[in-house]
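Residues per chain are reported as follows:
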Amino acid sequence: MTPTLDKPIPKKTLEGLRERVAAEGLLDVAYTSVDSPFGTLLLAKTPRGLVRLGLPEEDADALLADLAGRISPRVLEAPAGLDEERRELDDYFAGRRRDFELPIDWQLSHGFLLRARQEIAAIPYGETRTYTDLARGAGNERAVRAAGSACSRNPIPLVVPCHRVLRSDGSLGGYAGGLEMKEKLLDMERNP
Amino acid sequence: MAELPPFQTLIDEHAAAVLAILGAAVGREGAEDAFQETFLAALRAYPELRDARNLRGWLVTIAHRKAIDHHRAKGRAPVPVAAVREEPVFDPDPADGEVWDAVAALPPKQRAAVTLRFASDLPHEEIAAALGCSPEAARRSLHEGLKRLRKELA
């Protein structure tokens, strides 16, 4: 009964829309997916910088719905807007990059968690810290458990390298992307 | 605040239908611009949207307004079918082209009712909401439009 009119949208039409959206400043959250040796990553940025990085283990739809609720529902796929982020991550996985230079938007972190994550961001490539170090660095030596959640619920893993934080006994602790990924990242950084 | 899904899902799920509606309402040449205008307007208003239950109907309503804007900008008053026939027809498209050219030539209310019903698959109540008329009037416009199309294409 219904005529089959739902033809795919011409690429040019969508590209034109994206350009006009960007020109009018209506893009609050731009996202894209990026291949990595561990699987597909999801990158999301605001005009201020990278705000969220989804690991392969994470549910992309749930992640985007969460950003729509917490930041703005103006969430759009915009691969071209994340070229720099994609390039830096590619270089990191290829062993060509030790430090990220891309701007970060910290708006999903507050208070102690924000301080702890900024401490994490300062851990040099190839080095590790303990959850206790992290708690102390963020200004509350006894908040080891909170330091743990600064890592486990880190909105921007890899770029804010929470894989460099271990238990005091040297064991791995946890990782949102799975312990195997954490171990491989640490190996890669120790044996460049 | 309503739980609004990421705007990208509106494009993924409804863009093709909106483009089809606009193609029928303003012709293929004007459709790209009207499509972009529709989604820009939607994106602008989106964070303030109170009710996320009928996003498709909401988009179609905006598309309908943009189609009217398009016709106004072109300085085209609603014209009877006989006059439109004398205008050059759109680039012939092998699939469905003839049907939708005939739809584009319908009087505005009938054209809108037919495109909303068949390109967008909206029920009468939503067509009525989009057109700002009663469901009964929407049904009548649809009926008249289809009658005319059958005659045109017979």
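No experiment lies behind these values; they were computed from the predicted model shown.

S.K.: Talk me through the overall build of chain A; I want residue IDs and the actual numbers.
M.R.: Helix and strand counts for chain A stand at 7 helices and 6 strands. In chain A, the order of α-helices and β-strands from amino to carboxyl end is α-β-β-β-α-β-α-α-β-α-α-β-α. Each of the 192 residues in chain A was classed as buried or not, and the buried ones make up 32%. The long-range share in chain A, meaning contacts at least 24 apart out of those at least 6 apart in sequence, stands at 57%.

S.K.: Can you explain the overall build of chain B? Please cite residues and give values.
M.R.: Secondary structure summary: chain B contains 8 helices and 0 strands in total. Per-residue burial over chain B gives 40% buried out of 154 residues. A fraction of 70% describes how many contacts in chain B between residues 6 or more apart in sequence connect residues 24 or more apart.

S.K.: Give me the lowdown on the domain arrangement of chain A, citing residues and values where you can.
M.R.: Residues and elements named next belong to chain A. Splitting chain A by domain gives domain 1 (13-93) and domain 2 (111-190). Placing the centre of domain 1 and that of domain 2 at their C-alpha centroids yields a distance of 24 Å. On the domain 2 side, the residues contacting the 8 residues of domain 1 number 9 residues. Among the residues forming the side of domain 1 that touches domain 2, the class breakdown is 6 nonpolar, no polar and 2 charged.

S.K.: Describe helix α1 (residues 11-23) of chain A, naming the residues involved and giving the relevant values.
M.R.: Taking 1.5 Å of rise per residue, the 13 residues of α1 of chain A would be expected to cover 18 Å, and the 18 Å separating its terminal C-alpha atoms lies within 8% of that figure. Looking at α1 of chain A, one finds that the buried residues are Leu17, Arg18 and Val21 of chain A. One side of α1 of chain A holds all its buried residues, which, seen down the axis, span an arc of 100°. Of the exposed residues in α1 of chain A, those oriented more than 90 degrees away from the buried face are Lys12, Glu15, Glu19 and Ala23 of chain A. In this structure, the buried side of α1 of chain A is in contact with β4 (75-77) of chain A together with α2 (28-45) of chain B. Of the residues trailing α1 of chain A, Gly25 of chain A is marked for its positive phi of about 65°.

S.K.: Any details on the pairing of strand β2 (residues 39-46) of chain A? Residues and values, ideally.
M.R.: All names here are of chain A. Relative to β2, strand β1 (residues 29-36) runs antiparallel, the two being bridged by 7 bridges. Residue pairing for β2: Val34 is matched across the bridge by Leu41. Where β1 folds back onto β2 in an antiparallel hairpin, the turn is made up of 2 residues. Sheet topology places β2 next to strand β3 (residues 49-54); 5 bridges connect them, and they run antiparallel. For Thr46, the partnering residue across the bridge sits in β3 and is Gly49.

S.K.: Report on the interface of chain B and chain A, specifying residues and quantitative values.
M.R.: Taken together, the 25 residues of chain B in the interface contact 24 residues of chain A. Residue assignment for the side of chain B that touches chain A shows that the elements contributing at least two residues are α1 (7-26) and α2 of chain B. Partitioned by chemical class, the residues of the side of chain B that touches chain A number 18 nonpolar, 2 polar and 5 charged.

Criteria and thresholds
Residues numbered from 1 in each chain as written. Chains lettered and ligands numbered in written order. Predicted model: local features only at pLDDT ≥ 70, side-chain atom pairs only at ≥ 80, totals over all residues. Helix = DSSP H or I, 4+ residues; strand = E, 2+ residues; numbered from the N terminus. Buried ≥ 20, exposed ≤ 12 C-beta atoms within 10 Å, placed from the backbone. Contact = placed C-beta atoms within 7 Å. Domains from an automatic or database assignment. Nonpolar A, V, L, I, M, F, W, Y, C, P; charged D, E, K, R; others polar. Expected span 1.5 Å × (residues − 1). Arc of directions from axis to C-beta. Pairing = 2+ DSSP bridges.

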